[in-house]
Amino acid sequence: MKQTRKGRAAGSASREATLAALLKGWFRKSARDLPWRRTRDPYAIWLSEVMLQQTRVETVIPYYERFLQRFPDVRALASAELDEVLSLWSGLGYYRRARELHRCAQEVASIHGGVFPAEAEELRKLRGIGPYTAGAVSSIAFDRPAALVDGNVARVLARLEVIEDDVKSTAGLKRIWSVAEKLVPQEEPGAWNQALMELGATICTPQNPACLICPVRDACAARAQGRERELPIVGEKKASPRVAMVAVVVEHEGRFLFARRKDGGLFGGLWEPPMVEARSAEDAKSSLRGAGVAAEAKLTEVGRVEHVLTHRELDVLVLRARADRPWPLETPTTAPYERLAWLERSAEGVGVSTLARKILAAAKPEKKGAARKKKARA
Ligand code: SF4
């Protein structure tokens, strides 16, 4: 029997209602207990969502807790120094997020009197808030039926609805977003969005979706067609270029030469041992001088450090130098540095990237005992 348009619409509405009921019911029973799920405070939810982008839950928890302790509300964050924000963020990576977080807090404080707007469109006008974060804050903190799409949600929806476009392509993302907008329920949209993400993180995983225990298995089109492992379609990832760098760790009586990168750009606002793009110590000399390393410095090669970023891989040759006296610090002329300082190795109170920590560790002189042991083994 041929189905009428009215009948099809009613069928789709009832499938959507069933999906919503199943997924939200499952989420209420099975969701992991995470600190940001115990609050409806838009500030705390926004903070967690920014931290969770491209970062694992277990890594985020201690950072989230430390941030909330130091900056309990958006005004406290807005009035902090960027150096302190970056210091608390150190090790979490993707430092642009921390700078945007700080600027966004300042906008919320100055434009909205310290109160986050509830609607996703208003949230999106704020610095660093994209469609995903706007949807998350609006739906979770304010119960607005705003959709969201992240990697987990894209995978789940591509399978639930058999979407065959590349989920990283513009067309694929557009499709996924329109499905997410169609499915987000009026009631408890925050629970629905979190449930989709939770399902993607724990059951509908990239390699081995656990369909047998999935709460929406009977409504899943990919499973019905036996195509759950084929989807989503993801285009080939381009290989990251490898970039050769040279870094120098200069020490004078327990203090180290650090350079601060200008705000913006890679590692913007962070402090690190002077580091330049070059293939060898010889090639690096003149740029290093512009980054505060005196011409008289006797440079010794001590090792290499590798560091993988989203779009490139860094291969850093690490040099060490001792300064007989703390050199006078001029304004650096080598991009992207703006300031120099002699700091303790721990560089308390300012932001330091994991890469900089690796470089400092590589330049640490070996303890005499350890060096002897190494020799004996060889
Ligand atoms: S049935 Fe399988 S493929 Fe479909 S949503 Fe559940 S885990 Fe994912």
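Located above this text is the structure these notes cover.
1. Points about helix 6 (residues 96-111)
(1) Moving on: End to end, helix 6 covers 22 Å across 16 residues, agreeing with the expected 22 Å (1.5 Å per residue, within 8%).
(2) Moving on: Along helix 6, the positions that sit buried rather than exposed are Ala98, Arg99, Leu101, His102, Cys104, Ala105 and Val108.
(3) Moving on: Against helix 2 (42-52), helix 4 (74-78) and helix 5 (82-89) lie the buried residues of helix 6.
(4) Moving on: Once helix 6 finishes, glycine 113 follows within two positions and takes phi at roughly 60°, a positive value.

2. Things to note about the site of the ligand
(1) Moving on: In the neighbourhood of the ligand, 15 residues make up the surrounding shell, with Cys204, Cys211, Cys214, Cys220 and Glu228 lying closest.
(2) Moving on: If you list the elements that add at least two residues to the shell around the ligand, you get helix 9 (151-160) and helix 12 (221-224).
(3) Moving on: When residues in the shell around the ligand are grouped by element, the largest group, three residues, is from helix 9.

3. Remarks on the pairing of strand 2 (residues 255-261)
Regular strands place their side chains on alternate faces of the sheet.
(1) Moving on: Judged by how many residues are buried, strand 2 sits mostly within the fold: six of seven residues are covered.
(2) Moving on: Relative to strand 2, strand 1 (residues 242-252) runs antiparallel, the two sharing two bridges. Bridged to histidine 252 within strand 2 is arginine 255.
(3) Moving on: Counted between consecutive antiparallel strands, the loop separating strand 1 from strand 2 contains two residues, among which glutamate 253 sits at a positive phi close to 45°.
(4) Moving on: Relative to strand 7 (residues 337-344), strand 2 runs antiparallel, the two being bridged by seven bridges. Each bridged residue has a counterpart across the sheet, and for arginine 261 the counterpart in strand 7 is tyrosine 337.
(5) Moving on: In terms of strand pairing, strand 2 meets strand 3 (residues 271-272) through two bridges, oriented antiparallel. When the bridges of strand 3 are listed, arginine 260 appears paired with tryptophan 271.

4. Some thoughts on the environment of leucine 299
(1) Moving on: Within the fold, leucine 299 resides in the loop between helix 13 (281-290) and strand 5 (300-308).
(2) Moving on: Residue leucine 299 is classed as partly exposed on the basis of its 17 C-beta neighbours within 10 Å.
(3) Moving on: As a C-alpha pair, leucine 299 and leucine 319 span 20 residues in sequence and 5.9 Å in three-dimensional space.
(4) Moving on: In contact with leucine 299, not counting residues within four places along its chain, are Val248, Ala281, Leu319 and Ala321.

5. Let's talk about unusual backbone geometry
(1) Moving on: Residues leucine 231 and proline 232 are joined by a peptide bond in cis, for which omega reads 0°.
(2) Moving on: Along the chain, the position of proline 232 falls in the loop between helix 12 and strand 1.
(3) Moving on: Look at the link from alanine 335 to proline 336: it is a cis peptide, with omega at 5°.
(4) Moving on: With respect to the helices and strands, the residue proline 336 is situated in the loop between strand 6 (313-322) and strand 7.

What counts and how
Residues numbered from 1 in each chain as written. Predicted model: local features only at pLDDT ≥ 70, side-chain atom pairs only at ≥ 80, totals over all residues. Helix = DSSP H or I, 4+ residues; strand = E, 2+ residues; numbered from the N terminus. Expected span 1.5 Å × (residues − 1). Buried ≥ 20, exposed ≤ 12 C-beta atoms within 10 Å, placed from the backbone. Contact = placed C-beta atoms within 7 Å. Near = placed C-beta within 6 Å. Pairing = 2+ DSSP bridges.

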